[in-house]
Amino acid sequence: MRPSWDTYFMEITHMVATRSTCLRRSVGALIIKDKRILATGYNGAPSGLAHCEEVGCIRSQKQIPSGERHELCRGLHAEQNAILQAALYGFPIYGATIYCTTHPCVVCAKMIINAGMKEVVITGAYPDEMSAALLAEAGIAVRYLEEKEKI
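Presented here is an overview of the structure given in this document. In this text the structure is predicted, and so the values were computed from the model without any measurement. (Residues numbered from 1 in each chain as written. Predicted model: local features only at pLDDT ≥ 70, side-chain atom pairs only at ≥ 80, totals over all residues. Heavy atoms only, no water.)

## Section: the side chain of Ser-20
Here is step 1 of the chain: Along the polypeptide, Ser-20 turns up in the loop between helix 1 (5–17) and strand 1 (28–33).
Here is step 2 of the chain: Residue classification places Ser-20 among the buried positions, given a relative accessible area of 11%.
Here is step 3 of the chain: Reaching out from Ser-20, the side chain makes a polar contact with the backbone nitrogen of Cys-22 at a distance of 3.1 Å.
Here is step 4 of the chain: A polar atom in the side chain of Ser-20 sits 2.7 Å from the side chain of Asn-43.
Here is step 5 of the chain: Setting aside residues up to four positions removed in sequence, Ser-20 forms contacts with Arg-25, Ser-26, Val-27, Tyr-42 and Asn-43. (Helix = DSSP H or I, 4+ residues; strand = E, 2+ residues; numbered from the N terminus. Buried < 20%, exposed > 50% of the residue type's maximum accessible area, 1.4 Å probe, protein only. Polar contact = N/O pair within 3.5 Å; in protein donor to acceptor, adjacent residues only side chain to side chain. Contact = heavy atoms within 4.5 Å.)

## Details of helix 4 (residues 78–89)
Here is step 1 of the chain: Its twelve residues place the ends of helix 4 17 Å apart at the C-alpha level, agreeing with the 16 Å of an ideal helix rising 1.5 Å per residue.
Here is step 2 of the chain: Buried within helix 4 we find Ala-78, Glu-79, Gln-80, Asn-81, Ala-82, Ile-83 and Ala-86.
Here is step 3 of the chain: Those residues of helix 4 that are buried lie in contact with strand 1, strand 2 (36–42), strand 3 (97–100) and helix 5 (106–114).
Here is step 4 of the chain: The positive-phi residue at the C-terminal boundary of helix 4 is Gly-90, with phi of around 75°. (Expected span 1.5 Å × (residues − 1).)

Spelled out as structure tokens, the structure:
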């Protein structure tokens, strides 16, 4: 049976997450416009730098809880990497949809808002109430896919 567009894109997003080099959480992101993939991203260190799997996790060493002190991390989030890849290769993402394996953090939410994206589609929660509030205030739709839609 042919998968729905949501299932198709979310399955790809979960595959992208397998490239993650984060020791704490594997996250994937996929930016879509007009049913076309514009960019992908996964969480990990900037290009050319050592990954946490090679040098250890600063956040774990300092016992920083999830959702706090985002600046204390070698890595970029999947959403940030997808937005940066679109910029690097000149793909306009205004009006696009971003598929994410987890709800974006507040930093990523602000980037999604300023990039002019219209929708976020996710399968997993993330402990960041401010992120959800900002996305709602900006009028950006956030859709949770049910587990059965994901597979």
